[in-house]
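Chain by chain, the residues run as shown.
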Amino acid sequence: MSMAERKALCLEMVAAWNRWDLSGIIKHWSPDIVHYSEDTEVSSADMIKLMEGGLQAFPDLQLEVKSIMAEEDRVTLRITVTATHSHEFMGVPPTGERVSWHLVEELRFEDAKVVEHWDVINMRPLLVKLGKLPDVPKVELETSA
């Protein structure tokens, strides 16, 4: 499988997310896939529960790929997620607010199947919008002339 084919497969999985079709993602996983979320190993069953929970809380969830890179047997995607907070999430009742967060996904392939999956999620914009974290003003850096 070429790097271009692996990138296309990743974009196909993103398209499945955007159709809310989890089976369209899972079918590309190897039976012995290993998931890591923030460097913590997560079982496939728990990963699926997390995915289902995300779609329940944010039923119009959409992923926008900001960049995609492939090298050897790996593909990395930088993604922005937008959605409407329509059901309870982290104890917060639905607000109807449009929210966003960011993530980086790295997938390693063997024989056209994902065998390892890592994600790093920046939920800060979402948590600020839901009132779970304070909004901290951005610091402007001065540049010397």
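An unreviewed UniProt entry annotates the chain as Ester cyclase of Streptomyces dioscori.

**Q** Just to check I follow, could you spell out the sheet that holds strand β2 (residues 40-42) for this structure?
**A** Sheet strands pair by backbone hydrogen bonding; their relative direction is either parallel or antiparallel. If you trace the 6 strands from one edge of the open sheet to the other, you get β2-β1-β6-β5-β4-β3, paired in mixed fashion. The strands lining the two open edges of the sheet, one partner per strand, are β2 and β3 (62-71). Strand-to-strand twist of the sheet, defined as the mean angle between neighbouring strand axes without regard to direction, takes the value 25 degrees. Relative to strand β6 (residues 113-122), strand β5 (residues 98-110) is paired through 9 bridges, and the arrangement is antiparallel. Paired with Glu106 across the strands is Trp118, a residue of β6. The strands that helix α1 (residues 3-18) touches are β3, β4 (74-84), β5 and β6; relative to β3, the one it contacts most, it runs at about 165 degrees. Packing against the sheet, helix α3 (residues 44-57) makes contact with β1 (29-37), β2, β4 and β6, and its axis sits at approximately 70 degrees to β1.

**Q** Help me understand the pairing of β5 in this model?
**A** Looking down a regular strand, the side chains alternate between one sheet face and the other. Here 11 bridges tie β4 to β5, and the two strands are oriented antiparallel to one another. The partner of Arg74 across the bridge, within β5, is Arg108. Where β5 hands over to β6, the hairpin turn is made up of 2 residues, of which Asp111 adopts a positive phi near 50 degrees.

**Q** Help me understand the side chain of Thr80, please; the structure alone is not making it clear to me.
**A** Among the secondary structure elements, Thr80 is positioned in strand β4. A polar atom in the side chain of Thr80 sits 3.2 Å from the side chain of His102. With near-sequence residues (within four places) excluded, Thr80 lies in contact with Gln62, Leu63, Glu64, Lys66, Trp101 and His102.

**Q** What is the right way to read the environment of Glu116 from this model?
**A** Inspection of the secondary structure puts Glu116 in strand β6. On the basis of relative accessibility, which here comes to 18%, the residue Glu116 falls in the buried class. As a C-alpha pair, Glu116 and Asp32 span 84 residues in sequence and 8.8 Å in three-dimensional space. For Glu116, the contacting residues outside a window of four places in its chain are Ile33, Val34, Arg74, Glu106, Leu107 and Arg108. Within the structure, the side chain of Glu116 is placed 2.6 Å from the side chain of Arg108, a separation counted as a polar contact.

Cut-off values and rules
Residues numbered from 1 in each chain as written. Predicted model: local features only at pLDDT ≥ 70, side-chain atom pairs only at ≥ 80, totals over all residues. Heavy atoms only, no water. Pairing = 2+ DSSP bridges. Helix = DSSP H or I, 4+ residues; strand = E, 2+ residues; numbered from the N terminus. Axes fitted to C-alpha atoms, helices over the stretch in contact; angles between N-to-C directions. Contact = heavy atoms within 4.5 Å. Polar contact = N/O pair within 3.5 Å; in protein donor to acceptor, adjacent residues only side chain to side chain. Buried < 20%, exposed > 50% of the residue type's maximum accessible area, 1.4 Å probe, protein only.

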